[in-house]
Each structure stands twice: as structure tokens, then as C-alpha cells.
Amino acid sequence: MTRSKFAAGIAALLFAFAIALAPAAQASDLWFHVTVHEGEDNANISVNLPLSLVESALTMIQVDEYQDGKIQLEDTEISAAQLRQMWQELEASPNVDFVTIDSDDESMRVFKEDGYLVVRGEAKTDNGSDIHVRVPSAVVAALLDGVEDNQLNIAAALRALAAQGEGELATITEDDTRVRVWIDQRPEGR
């Protein structure tokens with residue numbers, strides 16, 4: 001998997017989290033933000049959504065594998081139950097680097113730090129790319145908890161994300177493109 005596909009996958013996952021969020025009181029003052037700046041094309045995209053609006057949208061989404069805030073995993077080699085078991089073991093571990101890759105071309109770390117699952121990566125090329133993703137452990141646990149065997153509970157994960165409050169979720173930089181995803185109490189991203 002190339003870095004750009006990995007970065008796009010992380011951004012898509014975080015956007016899916018935001019679209020499916022269903023908290024009520026906790027999210028009333030929070031906003032979900034995504035900015036994309038593409039220097040080469042001089043294009044800028046900005047998404048600023050109140051989480052209360054996202055809550056309303058969640059109830060309207062009823063398609064194929066996505067129903068009632070849950071995604072049905074189809075044709076996978078690993079079940080949600082196996083993912084839950086793996087996560088419980090990772091969550092019980094101390095702060096530690098789970099995966100470290102260091103080569104002439106790139107470096108990547110996946111680690112646990114003070115209640116967060118963190119992914120940091122860097123391409124060591126001329127234009128390079130950087131990936132910084134920081135997901136609260138409570139969000140991962142909620143995603144994997146309390147649903148049928150092959151489902152991921154997006155709504156619960158996003159309620160847990162809202163309960164965490166403000167924070168930076170991801171920054172992805174590749175060539176002249178920069179993507180930033182975060183939650184705060186300001187209606188406009190800054």
C-alpha cells in the first residue's frame with residue numbers, strides 16, 4: 001500500500017466517523033473540521049460541521065452494510081470478535097511501540113501513548129510525506145464493543161470521540177497537499 005493510499009484511507013475513516021456521529025448533549029458545542037490544501041492546484045477545501053447536525057444525519061443513513069450507526073463487515077478474514085480480542089490485549093499493555101519501520105525511504109511508528117493509539121509516518125524523499133494520526137483508545141474500544149460479531153459500531157465510536165472533546169485527530173502532508181482533521185468549539189476551522 002502506498003503512502004498516499006494509506007493517507008487517503010485514514011482521512012476517509014476519520015470522515016466516516018464524523019458523518020456517523022450520534023451524540024446529543026456532549027456534541028452540542030463541538031464542531032468537526034477537515035481542511036485540505038492542495039498547493040499545486042491552488043485548491044482549498046474546508047468542512048465545518050456541528051456535531052449536532054451530524055447526529056441528525058446519522059438517523060437518515062440506511063444503506064446496504066450501514067444501518068443504525070453500525071457497519072456490517074462483509075467477506076473479511078478477521079471477525080469483529082477477533083478484533084475486539086486483539087484490542088483488549090493491546091489496551092491492557094503499557095505505553096509501547098507496537099510497530100516500528102525505519103528504512104532509507106520511510107519511517108513509521110504505531111504506538112500507544114497515554115490513552116491514545118498513535119500512527120506517525122514520514123517518507124524520506126525530496127517532497128516527502130508525513131502522517132500523524134491520534135485516536136483516543138476509548139474510541140477504538142467503542143468501535144469494537146457491544147455489537148453483533150461482524151459489525152463495527154461507528155455511532156458508539158463517535159459518541160466516545162465527542163466525549164473526549166476538543167483535539168487534533170490527524171494531519172497528513174504529501175507533496176503540496178496538506179489534510180488536517182480536528183474537533184473544537186469554533187464554528188469555523190482555523
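Treat the numbers as computed from the prediction; the structure is a model and nothing was measured.

Visitor: How would you sum up the overall build of the protein chain? Please name residues and give values.
Guide: Of the regular secondary structure elements, the protein chain holds five helices and eleven strands. Within the protein chain, buried positions represent 38% of all 190 residues. Long-range contacts, defined as pairs at least 24 residues apart, comprise 53% of the intrachain contacts of the protein chain with a sequence gap of at least 6. Per element, the accessible surface of the protein chain, about 10,600 Å² overall, is 50% carbon and sulfur.

Visitor: Account for the nonpolar core, with residues named and values stated.
Guide: Membership of the largest hydrophobic core comes to 33 residues, with the highest contact counts inside it found for F32, V133, V139, L161, V181 and I183. Those elements that provide at least two residues to this core are β1 (31-38), α3 (80-92), β8 (129-136), α4 (137-144), α5 (154-164), β10 (167-174) and β11 (177-184).

Visitor: Explain unusual backbone geometry to me, using residue names and the numbers behind them.
Guide: Excluding glycine, a negative phi dihedral is what most residues carry, and trans is how most peptide bonds are arranged. Non-glycine residue D114 carries a positive phi angle of around 45 degrees. By the element assignment, D114 lies in the loop between β6 (106-113) and β7 (116-123). Even without glycine at this site, D175 takes up a positive phi of about 50 degrees. Relative to the helices and strands, D175 is located in the loop between β10 and β11. By relative accessible area, which is 47% here, D175 ends up partly exposed.

Visitor: An account of the packing of α3 against α4 is requested, with residue identities and associated values reported.
Guide: It is at 10 Å that the axes of α3 and α4 come closest, and there the two elements cross at 155 degrees. Taken as axis vectors, α3 and α4 run roughly antiparallel relative to one another. The element α3 and its partner α4 pack so that their crossing is left-handed. For the pair formed by α3 and α4, the contact residues are L83, R84, W87 and E91 on the first element and S137, V140, A141 and L144 on the second. When grouped by side-chain class, the residues that make up the contact of α3 with α4 number five nonpolar, one polar and two charged.

Visitor: So, the pattern of salt bridges: which residues are in play, and what are the values?
Guide: Per the counting criterion, the structure on display carries two salt bridges. Two residues, R109 and D97, come together in a salt bridge whose shortest N-O distance is 2.8 Å. Here D97 lies in strand β5 (residues 96-102) and R109 lies in strand β6, a separation of twelve residues in the sequence. Of the residues examined, D97 reaches a relative accessible area of 37% and is grouped as partly exposed. E168 is paired through a salt bridge with R180; the nearest N and O atoms lie 2.9 Å apart.

Visitor: For the sheet that holds strand β3 (residues 66-67), give the residues involved together with the corresponding values.
Guide: Reading across from one edge, β3-β4-β9 is the order of the three strands in this open sheet, with antiparallel pairing throughout. The open sheet terminates on both sides in strands that have one partner only, identified here as β3 and β9 (151-153). With three bridges connecting them, strand β4 (residues 70-72) and β9 associate as antiparallel partners. The partner of Q72 across the bridge, within β9, is Q151.

Visitor: Lay out the pairing of β6 in plain terms, naming residues and giving numbers.
Guide: Here β5 pairs with β6 via six bridges, running antiparallel. Paired with V96 across the bridge in β6 is K112. Hairpin connection between β5 and β6: a loop of three residues separates the two successive antiparallel strands. The sheet contact formed by β6 and β7 spans eight bridges and is antiparallel. Within β7, the residue paired with E113 across the bridge is Y116. Once β6 ends, the chain turns through two residues before running back antiparallel as β7, passing D114 with a positive phi of about 45 degrees.

Visitor: Talk me through the sheet that holds β11; I want residue IDs and the actual numbers.
Guide: Read from one edge to the other, the open sheet built from eight strands follows the order β2-β1-β11-β10-β8-β7-β6-β5, with strand pairing classed as antiparallel. Across the chains shown, the open sheet's two edge strands, defined by having one partner strand only, are β2 (43-50) and β5. Geometrically, the sheet is characterised by an average inter-axis angle of 5 degrees between neighbouring strands, direction not taken into account. Pairing of β8 with β10, which is carried by five bridges, proceeds in the antiparallel orientation. Pairing of D130 across the sheet is with T173, part of β10. Docked against the sheet, α4 engages β7 and β8, running at close to 70 degrees with respect to β8.

Basis of the calculations
Residues numbered from 1 in each chain as written. Predicted model: local features only at pLDDT ≥ 70, side-chain atom pairs only at ≥ 80, totals over all residues. Heavy atoms only, no water. Helix = DSSP H or I, 4+ residues; strand = E, 2+ residues; numbered from the N terminus. Buried < 20%, exposed > 50% of the residue type's maximum accessible area, 1.4 Å probe, protein only. Contact = heavy atoms within 4.5 Å. Areas by Shrake-Rupley, 256 points an atom, 1.4 Å probe, with all protein chains shown as cover. Core = buried A, V, L, I, M, F, W, Y, C linked by side-chain atoms within 4.5 Å. Axes fitted to C-alpha atoms, helices over the stretch in contact; angles between N-to-C directions. Parallel < 35°, antiparallel > 145°, perpendicular 65-115°, else oblique. Left-handed = near helix turned anticlockwise from the far one by under 90°. Nonpolar A, V, L, I, M, F, W, Y, C, P; charged D, E, K, R; others polar. Salt bridge = Lys/Arg side-chain N within 4 Å of Asp/Glu carboxyl O. Pairing = 2+ DSSP bridges.

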